[in-house]
Amino acid sequence: MNYEEEQRNEIEALESIYSSEMTILATEPHHSFQLSLSSQDTRYDNENASCTVKFTYNAKYPDEAPDIEITDSENLSDKHLELLEEHMKEVANENLGMVVVFTIVSSVLEKLNEIVEMVVEERKMEKERAEKEVEEAERKKFEGTRVTVETFMSWKVKFEAEMAEIKRQKLKAVEEAGPKKLTGKELFMTDHAMDDSDVKFLEEGGEVVEVDESLFQDIDDLTLEESLDGDDAEFSSVIGQNNDEGDDD
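Remember, predicted model here, so these are calculated numbers, not experimental data.

Trainee: Explain the sheet that holds strand E1 (residues 22-26) to me, and be specific about the residues and the numbers.
Mentor: If you trace the 4 strands from one edge of the open sheet to the other, you get E1-E2-E3-E4, paired in antiparallel fashion. Edge positions in the open sheet fall to E1 and strand E4 (67-74), since each of these has one partner strand only. Pairwise comparison of adjacent strand axes, ignoring direction, gives a mean angle of 20 degrees for this sheet. Across 7 bridges, the pairing between strand E3 (residues 50-56) and E4 is antiparallel. Paired with Cys 51 across the two strands is Ser 73, which belongs to E4. Against the sheet, helix H1 (residues 3-17) makes contact with E1 and strand E2 (32-38), and its axis sits at roughly 145 degrees relative to E1, the strand it touches most.

Trainee: Could you give me a rundown of a negative patch on the surface, with the residues and numbers involved?
Mentor: Among the surface-exposed residues, Asp 67, Glu 69, Asp 78, Glu 82, Glu 85, Glu 86, Glu 90 and Glu 94 lie close enough to one another that they form a single negatively charged patch. Every element with two or more residues in the negative patch is listed here: E4 and helix H2 (78-94). By residue number, the principal contributor to the negative patch is H2, which donates 6 residues. With respect to the helices and strands, Glu 85 occurs in helix H2.

Trainee: How would you sum up the packing of aromatic side chains? Please name residues and give values.
Mentor: Scanning the entire structure with this criterion turns up 6 aromatic pairs. On the numbers, 5.6 Å between centres and 80 degrees between planes, the contact of Phe 33 with Tyr 57 is edge-to-face. Here Tyr 57 lies in the loop between E3 and E4 and Phe 33 lies in strand E2, a separation of 24 residues in the sequence. Like Tyr 57, Phe 33 is buried. When the centroid spacing of 5.8 Å and the interplanar angle of 35 degrees are considered together, the rings of Phe 152 and Trp 155 count as tilted.

Trainee: How would you sum up a nonpolar patch on the surface? Please name residues and give values.
Mentor: Nonpolar side chains collect at one region of the surface, where Val 147, Val 149, Phe 152, Met 153, Trp 155, Phe 159, Met 163 and Ile 166 lie side by side and expose about 810 Å² of accessible area between them. Within the element layout of this structure, Val 149 appears in helix H4 (residues 149-177).

Trainee: Would you mind going over the side chain of Gln 7 in detail, with residue names and values included?
Mentor: Looking at the secondary structure, you find Gln 7 in helix H1. A polar atom in the side chain of Gln 7 sits 3.1 Å from the backbone oxygen of Tyr 61. Once you skip the residues sitting within four places of it in the chain, Gln 7 turns out to touch His 30, Tyr 57, Asn 58, Ala 59 and Tyr 61.

About the criteria used
Residues numbered from 1 in each chain as written. Predicted model: local features only at pLDDT ≥ 70, side-chain atom pairs only at ≥ 80, totals over all residues. Heavy atoms only, no water. Pairing = 2+ DSSP bridges. Helix = DSSP H or I, 4+ residues; strand = E, 2+ residues; numbered from the N terminus. Axes fitted to C-alpha atoms, helices over the stretch in contact; angles between N-to-C directions. Contact = heavy atoms within 4.5 Å. Patch = residues over 30% accessible without salt bridge, like charges linked within 9 Å, V, L, I, M, F, W, Y side chains within 5 Å. Areas by Shrake-Rupley, 256 points an atom, 1.4 Å probe, with all protein chains shown as cover. Salt bridge = Lys/Arg side-chain N within 4 Å of Asp/Glu carboxyl O. Lys, Arg positive; Asp, Glu negative; His and termini not counted. Charge placed at Lys NZ, Arg CZ, Asp CG, Glu CD. Phe/Tyr/Trp six-rings, centres within 6.5 Å; stacked < 30°, edge-to-face > 60°. Buried < 20%, exposed > 50% of the residue type's maximum accessible area, 1.4 Å probe, protein only. Polar contact = N/O pair within 3.5 Å; in protein donor to acceptor, adjacent residues only side chain to side chain.

Structure below.
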């Protein structure tokens, strides 16, 4: 196989196909050139991924794979670049004995379109996930926390601990305040020595009053009618006296 002729023929074909994308870097000792490649999926006009791939022939190309290197890129992560380089080397080794640059370039263009599609889908999923999280947070504001046995027991333990602490603080405050000062009424109600104070006063120096209980024995026998009759008679006597005095005048 005439390697130089094979290489020269491929260079001419590539320049014809990729006239605006291809740049010759060197011709000696072997051809070296680069191709600027970009995704071409019209579904994603606002999304783009591109890279610049450098190819360098060797003395036995195409029986031996050319040297391949990505020298520049746009909108491609390190993971994407690593994937592309491995893919290009795999395609070159699968096609040993044949000129392979066109095949590699075509394959890279397909991979760039796949990467753009994947990135767009990832962004869409991330947006949907973020929106779902916001909706879930808003829903929980109105729904509140769902009560389970575990959450109830956790709340109960916390509540009892809080109530015990409040009680302890109240007892502590009472102890620090000291004995409570009683009001006059409370002193009177609690001092039983004052119960017999009036009796002691009379016994020690006051006048003892004796009550004749016989005066009240017949009080229950009185009736309302008798009482009223007595009052009427007395009232009539007073009226009669006043009339006599008027006649005398």
